[in-house]
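Topology and contacts: notes
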Amino acid sequence: MILQNFIVFEGIDGAGTSTQLDLLKTNKLAKDFLFTAEPTSFYTGKFLRQMLKGDVPVTNETAAYLFAADRNEHINGSLLIENENHLVTGVKEACLSGKVVVSDRYLFSSLAYQSINCSPDIPRRLNSGFPLPKLLFYFELSPKQALERIQTRLTKEIYEKESFLNKTVDEYHKILEEYAKEKEMKIIVIDATKSIDEIRNTIWDNIKGLIN
């Protein structure tokens, strides 16, 4: 199932997805959009963020289940909006009501990250029932460049290691190749080494076609 009006930004940490989401929020033509992210800011997502910082050690399989649980609330939960345009839960309800929803990360992250240290069958099975976005932007950047960008962050996450991210990028490429067969979902690969403005223009050029 394709969820119309749903747009997703994907890429490894440091690729620039959050930066572009924040820039899109300032676009006057996107003033009625709703913006969100995974892990969510709901209770399930807050727990996941503790796990990502290494505060709550769990098995790789448990992590896959936790991400899927948070995603279920994100997509199928009741509509919950904070600060006018921040969607906490209820993506499906928002999209079906005609709202455009833009998410920083989605199920593709789980397929890429969780497939490395546990059986790929687990994240695939857990995420098989979720709808796909109409637009998927994948930010292409090497792990080395990504880690250079985020080295000044005060908080490090458990996945921020070059060897792990190299495998993650390989998984992302496999996923993009697989989902390219989904004709109703458009995949746009972004060269994340380009300037912020160039990337912003590329993103908006593609989003305009969705909302016009």
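A brief look at the structure comes next. (Residues numbered from 1 in each chain as written. Predicted model: local features only at pLDDT ≥ 70, side-chain atom pairs only at ≥ 80, totals over all residues. Heavy atoms only, no water.)

1. Brief notes about the packing of helix α7 (residues 143-150) against helix α8 (residues 162-179)
To keep things clear, this is the line we draw: Axis definition: a line fit to C-alpha positions, over the contact stretch in the case of helices; interaxial angles, taken between N-to-C directions, run 0 to 180 degrees. Counting from the N terminus, the helices are DSSP H or I runs at least four residues long and the strands are E runs at least two residues long. We call two directions roughly parallel when the angle between them is under 35 degrees, roughly antiparallel when it is over 145, roughly perpendicular when it lies between 65 and 115, and oblique otherwise. Working rule for handedness: look at the near helix, and if it is turned counterclockwise from the far one by less than a right angle, call the crossing left-handed; if clockwise, right-handed. Should any heavy atoms of two residues lie within 4.5 Å, those residues are considered in contact.
Between α7 and α8, the least distance of the axes is 9 Å, while the angle of their chain directions is 125°. It follows that α7 is oblique to α8 by the angle criterion. Considering the relative orientation of α7 and α8, their crossing is right-handed. Contacts between α7 and α8 pair Pro-143, Lys-144 and Leu-147 from the former with Glu-162, Leu-165, Asn-166 and Val-169 from the latter.

2. Focus: helix α3 (residues 60-76)
Formally: Take the residue count of a helix, subtract one, and multiply by 1.5 Å to get its expected span. Whether a residue is buried, partly exposed or exposed follows from its accessible area with a 1.4 Å probe, protein chains only, as a fraction of its type maximum: under 20%, in between, or over 50%, in that order. Relevant arc is that of directions from the helix axis to the C-beta atoms, nothing else.
The end-to-end C-alpha distance of α3, which contains 17 residues, comes to 24 Å, matching closely the 24 Å that a straight helix rising 1.5 Å per residue would cover. Residues of α3 that are buried: Ala-63, Ala-64, Phe-67, Ala-68, Asp-70, Arg-71, His-74 and Ile-75. Along the long axis of α3, the arc covered by the buried residues comes to 165°, so they all point the same way.

3. A few points about the pairing of strand β5 (residues 101-104)
Stated formally: Only when DSSP finds a minimum of two bridges between them are two strands counted as paired.
The alternating pattern of β5 places Val-101 and Ser-103 and Val-102 and Asp-104 on opposite faces, both of which are buried. Across 4 bridges, strand β1 (residues 2-10) lies against β5 in parallel orientation. Bridged to Val-8 within β5 is Ser-103.

4. Quick notes on the environment of Tyr-65
As for its position among the elements, Tyr-65 is in helix α3. Sequence spacing of Tyr-65 and Leu-126 is 61 residues, and the spatial spacing of their C-alpha atoms is 7.1 Å. Once you skip the residues sitting within four places of it in the chain, Tyr-65 turns out to touch Ile-122, Arg-125 and Leu-126.

5. Remarks on the side chain of Glu-10
Quick reminder of the rule: Under the rule applied, a polar contact is a pair of N or O atoms within 3.5 Å (in protein, one hydrogen donor and one hydrogen acceptor; residues adjacent in sequence only if both atoms are side-chain atoms).
Topologically, Glu-10 is positioned in strand β1. At 2.6 Å, the side chain of Glu-10 forms a polar contact with the side chain of Tyr-172. In this structure, Glu-10 is in contact with Thr-17, Arg-105, Tyr-106, Leu-107, Phe-108, Ser-109, Leu-136, Phe-137, Tyr-138, Phe-139 and Tyr-172, ignoring residues within four places of it in sequence.

6. Examining helix α9 (residues 196-211)
Taking 1.5 Å of rise per residue, 16 residues should cover 22 Å, and α9 covers 22 Å from first to last C-alpha, within 8% of that figure. Among all positions in α9, only Ile-199, Ile-203, Trp-204, Asn-206, Ile-207 and Leu-210 are buried. The inward-facing, buried residues of α9 abut β1, α1 (17-25), β6 (132-140) and β7 (186-191).

7. Considering the environment of Thr-26
Here Thr-26 lies in the loop between α1 and β2 (34-37). Taking the C-alpha atoms as reference points, Thr-26 and Ser-109, separated by 83 residues in sequence, lie 26 Å from one another. A distance of 2.6 Å separates the side chain of Thr-26 from the backbone oxygen of Leu-23, its partner in a polar contact.

8. Overview of the pattern of salt bridges
The condition is simple: Put simply, a salt bridge is a Lys or Arg side-chain nitrogen that is within 4 Å of an Asp or Glu carboxyl oxygen.
This model, assessed by the stated rule, comprises 9 salt bridges. In this structure, the salt-bridge partner of Arg-105 is Asp-13, at a minimum N-O distance of 2.8 Å. Placement of the pair is Arg-105 in the loop between β5 and α5 (107-117) and Asp-13 in the loop between β1 and α1, with a sequence separation of 92 residues. Asp-13 shares its class with Arg-105; the two are buried. The salt bridge involving Asp-197 is made with Arg-200; its shortest N-O contact spans 2.5 Å. You can see Asp-197 and its partner Arg-200 sitting in helix α9, 3 residues apart, about one turn around the helix. With a relative accessible area of 42%, Asp-197 lands in the partly exposed category. Given a relative accessible area of 33%, Arg-200 falls into the partly exposed group.

9. Digging into unusual backbone geometry
Apart from glycine, the bulk of residues carry a negative phi angle, and the bulk of peptide bonds sit in the trans form. A cis geometry characterises the amide bond from Glu-38 onward to Pro-39, with omega recorded as -5°. For Pro-39, the location among the structural elements is in the loop between β2 and α2 (43-52). A positive phi is found at Asn-83, a non-glycine position, where the angle reads about 50°. With respect to the secondary-structure elements, Asn-83 resides in the loop between β3 (80-82) and β4 (86-89). For Glu-84, which is not glycine, the phi dihedral falls at a positive 75°. Summarising the element assignment, Glu-84 is placed in the loop between β3 and β4.

The quantities given are spatial measurements derived from coordinates; they are silent on function.
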